[in-house]
Amino acid sequence: MEDVLFQNVSKQYDQHNEYALKDFTLQVNNGELIVIVGPSGSGKSTLLELICGFEDLTQGDILIEGQSIKDKLPKDRNVAMVFQNYALLPHLNVYDNIAFGMRIRKESKEKTKEKVEWAAELLELTPYLKVKPKKLSGGQRQRVALARAMVREPKLFLMDEPLSNLDAKLRDTMVQEIKALHDTLGVTMLYVTHDQVEAMTIADRIVILNEGSIQQVGIPKEVYQNP
Ligand code: ADP
Ligand code: ADP
């Protein structure tokens, strides 16, 4: 079953400029992990920003479970985004950082506690719940950002170069963890990176973007064996 459908999606930030994204068409299956690779400026971030509503489409449509995102407010789209800079709140401890979005949505205290503890356990953060972000390592901070996205139980996970601030060794570990997390949760994921090895490691399918257009789509072996 298809989960996300991009229909000729185009984005032009300014009438006088080039298209940041041009005629992007792709069908994403339920539970699939799609990695989007491409050079800087190829439109990767734009694609994610359109889905979560930071930007409006110029042309085309995006359907999530058959429904156009144009008919849903960003907060009702059931998508969660994880950024490369984590965007944690420095004055809040790990527990409160993870719980932040649930509190804004006025979830019950019991449900919040249950979900925060569940996510913390899965990401090995239980010992750090009372700690402030500045005491954590880069990998732990990234896990907090993942946990905060997870507790929203999103249907669709968006990750914009989530590991680019980590050193190479930690990146290898975290790539495996994100893959395991994806398999455990069974969510659909769109994962942006410019790292080919990262893409090869976790992707079900890879989309190569260039100047706003799809250059190639396929399973990792196809994409990197027939460039
Ligand atoms: P990537 O994430 O692959 O680096 P982006 O989606 O950030 O690419 O950018 C694609 C194109 O859109 C680039 O030419 C970039 O300069 C342009 N762009 C991105 N954001 C904006 C913006 N807010 N206003 C104008 N142009 C933008
Ligand atoms: P309140 O809304 O009264 O502040 P909460 O249930 O939100 O109560 O929890 C209060 C604080 O207790 C949280 O901000 C968090 O820092 C801490 N806390 C709650 N559960 C745990 C836990 N399992 N481990 C560590 N700290 C916790």
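What you see is a predicted model; the values in this text were computed from it and never measured.

1. Observations regarding the site of ligand 1
Line of reasoning, step 1. All residues in the neighbourhood of ligand 1 are listed as Y13, A20, P39, S40, G41, S42, G43, K44, S45 and T46.
Line of reasoning, step 2. Contacts to ligand 1 include T46, whose side-chain N or O atom sits 2.5 Å from an oxygen atom.
Line of reasoning, step 3. Isolated, ligand 1 exposes 560 Å² of accessible area, and the fraction of that covered by the protein chains is 56%.
Line of reasoning, step 4. Class assignment of the residues belonging to the shell around ligand 1 gives a composition of three nonpolar, six polar and one charged.

2. Observations concerning the sheet that holds strand β8 (residues 188–192)
Line of reasoning, step 1. Strand order in the open sheet formed by six strands is β6-β7-β8-β3-β9-β10, with mixed pairing between adjacent strands. Here the strands that pair on one side only, and so sit at the sheet edges, are β6 (79–82) and β10 (213–218). Neighbour-to-neighbour, the strand axes of the sheet open up by a mean angle of 20°, direction not taken into account.
Line of reasoning, step 2. Note: strand β9 (residues 205–210) against β10, five bridges, orientation antiparallel.

3. With respect to the packing of aromatic side chains
Line of reasoning, step 1. For the structure on display, the rule yields two aromatic pairs.
Line of reasoning, step 2. Judged by centre distance (5.2 Å) and plane angle (85°), the rings of F6 and F24 are edge-to-face. You can see F6 sitting in strand β1 (residues 2–11) and its partner F24 sitting in strand β2 (residues 21–29), a full 18 residues away along the chain.
Line of reasoning, step 3. Classification of F6 as buried rests on a relative accessible area of 1%.
Line of reasoning, step 4. What makes F24 buried here is its relative accessible area of 1%.
Line of reasoning, step 5. Aromatic pair F54 and F83: ring centres 6.3 Å apart, planes at 5°, arrangement stacked. One end of the pair, F54, is in the loop between α1 (44–52) and β4 (59–64); the other, F83, is in the loop between β6 and α2 (94–104), and 29 residues separate them in sequence.
Line of reasoning, step 6. Here the basic side chain of K11 rests over the ring of Y13, its NZ or CZ set 5.1 Å away from the ring centre.

4. Focus: the site of ligand 2
Line of reasoning, step 1. Around ligand 2, the neighbouring residues are N93, Y95, D96, R103, K109, K113, E117, L129 and K130.
Line of reasoning, step 2. Contacts to ligand 2 include N93, whose side-chain N or O atom sits 2.9 Å from an oxygen atom.
Line of reasoning, step 3. K113 places a polar side-chain atom, nitrogen or oxygen, 3.0 Å from a nitrogen atom of ligand 2.
Line of reasoning, step 4. Considered on its own, ligand 2 offers 550 Å² of accessible surface; in the complex 60% of this is hidden by protein.
Line of reasoning, step 5. Among the secondary structure elements, those contributing two or more residues to the shell around ligand 2 are α2 and α3 (109–122).
Line of reasoning, step 6. Tallied by class, the residues present in the shell around ligand 2 amount to two nonpolar, one polar and six charged.

5. Thoughts on the side chain of K155
Line of reasoning, step 1. Among the structural elements, K155 can be located in the loop between α4 (138–150) and β7 (156–160).
Line of reasoning, step 2. Polar side-chain contacts of K155 include one of 3.1 Å to the side chain of N30.
Line of reasoning, step 3. Excluding anything up to four places from it in sequence, K155 contacts D3, N30, E65, N78, V187 and T188.

6. Remarks on the nonpolar core
Line of reasoning, step 1. By size, the foremost hydrophobic cluster in this structure holds 43 residues, and its most contacted members are V35, I98, L146, F157, M159, Y191 and I206.
Line of reasoning, step 2. Apart from residues lying up to four places away in sequence, F157 is in contact with A80, V82, L146, A149, M150, L185, V187, T188, M189 and L190.
Line of reasoning, step 3. V4, V9, I34 and I69 belong to the second largest nonpolar core, which has 26 residues in total.

7. Focus on the packing of α2 against α4
Line of reasoning, step 1. Running from amino to carboxyl end, α2 crosses α4 at an angle of 35°, the nearest separation of the two axes being 7 Å. Crossing hand, α2 versus α4: right-handed. Within the contact between the two elements, α2 uses V94, N97 and I98 and α4 uses V144, A147 and R148.
Line of reasoning, step 2. Class assignment of the residues belonging to the contact of α2 with α4 gives a composition of four nonpolar, one polar and one charged.

About the criteria used
- Residues numbered from 1 in each chain as written.
- Chains lettered and ligands numbered in written order.
- Predicted model: local features only at pLDDT ≥ 70, side-chain atom pairs only at ≥ 80, totals over all residues.
- Heavy atoms only, no water.
- Near = heavy atom within 4 Å.
- Polar contact = N/O pair within 3.5 Å; in protein donor to acceptor, adjacent residues only side chain to side chain.
- Areas by Shrake-Rupley, 256 points an atom, 1.4 Å probe, with all protein chains shown as cover.
- Nonpolar A, V, L, I, M, F, W, Y, C, P; charged D, E, K, R; others polar.
- Pairing = 2+ DSSP bridges.
- Helix = DSSP H or I, 4+ residues; strand = E, 2+ residues; numbered from the N terminus.
- Axes fitted to C-alpha atoms, helices over the stretch in contact; angles between N-to-C directions.
- Phe/Tyr/Trp six-rings, centres within 6.5 Å; stacked < 30°, edge-to-face > 60°.
- Buried < 20%, exposed > 50% of the residue type's maximum accessible area, 1.4 Å probe, protein only.
- Lys NZ or Arg CZ within 6 Å of the ring centre and 35° of its normal.
- Contact = heavy atoms within 4.5 Å.
- Core = buried A, V, L, I, M, F, W, Y, C linked by side-chain atoms within 4.5 Å.
- Left-handed = near helix turned anticlockwise from the far one by under 90°.

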